[in-house]
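Coordinates in review
These are the residues of each chain, in order.
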Amino acid sequence: QVQLVESGGRLVQAGGSLRLSCAASERYPMGWFRQAPGNERKFVAAINWSGGRTEYADSVKGRFTISRDNAGNTVYLQMNSLKPEDTAVYYCAADSEGSVDFRSLAYDSWGQGTQVTVSS
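Report follows, based on the coordinates. Please read all numbers here as calculations on a predicted model, not as lab measurements.

A look at the sheet that holds strand 1 (residues 4–7)
Read across the open sheet, the four strands follow the order 1-3-8-7; overall the sheet is antiparallel. For this open sheet the edge positions go to strand 1 and strand 7 (64–68), each flanked by a neighbour on one side alone. On average, each strand axis in the sheet is tilted by 15 degrees relative to the strand beside it, whichever way the strands run. In this structure, strand 7 lies alongside strand 8 (residues 74–79), joined through five bridges in antiparallel fashion. When the bridges of strand 8 are listed, F64 appears paired with M79.

And the structure:
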């Protein structure tokens, strides 16, 4: 399994910005998901191996940007114009056998999660 470590989550006011990082032990297509209390884990964004293709959930399009560094194995999630409904634990995940995918079942390695709290 790929080892994944997320960081960057914290408390932020509505309208603010955060950048989450996910350091991976290997380079694979990656996704970000989030889970709010009492809710199922939901897709946020995904990026392919090269970084040339991305996909986003409708709820974050135009506000969030997923990217990855070219030389290493870190994936980022830049989150702008944050809303209270963005509050959740954010998880990064690696898909060792596929490409960009919005389905959580497609991912075989998961990080421990990082808490993002957006206050109104």
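Still more ground to cover, so stick around.
A short note on the pairing of strand 5 (residues 42–47)
Most of strand 5 is tucked away, with five of its six residues classed as buried. The turn linking strand 4 (residues 30–35) back onto strand 5 is made up of six residues, and G38 within it adopts a positive phi angle of 80 degrees. Pairing of strand 5 with strand 6 (residues 54–56), which is carried by three bridges, proceeds in the antiparallel orientation. Each bridged residue has a counterpart across the sheet, and for A46 the counterpart in strand 6 is E55. Joining the antiparallel neighbours strand 5 and strand 6 is a turn of six residues, in which G51 adopts a positive phi near 90 degrees.

Basis of the calculations
- Numbering of residues starts from 1 in each chain and follows the order in which that chain's sequence is written.
- Residues qualify for local features only when their pLDDT is at least 70, as the model is predicted, and side-chain atom pairs are given and counted only at 80 or more; totals for whole chains, interfaces and linings, by contrast, use all residues.
- Note: side-chain values were computed over all heavy atoms of the structure, leaving out hydrogens and water.
- If DSSP finds at least two bridges between two strands, the strands pair.
- Secondary structure counts use DSSP, requiring at least four H or I residues in a row for a helix and at least two E residues in a row for a strand, with both numbered from the N terminus.
- Think of each axis as a best-fit line through the C-alpha atoms, taken over the contacting stretch in the case of a helix, with angles from 0 to 180 degrees between the N-to-C directions.
- Buried residues are those whose accessible area, probed at 1.4 Å on protein chains only, stays under 20% of the maximum for their type, while exposed residues exceed 50% and partly exposed ones sit between those limits.

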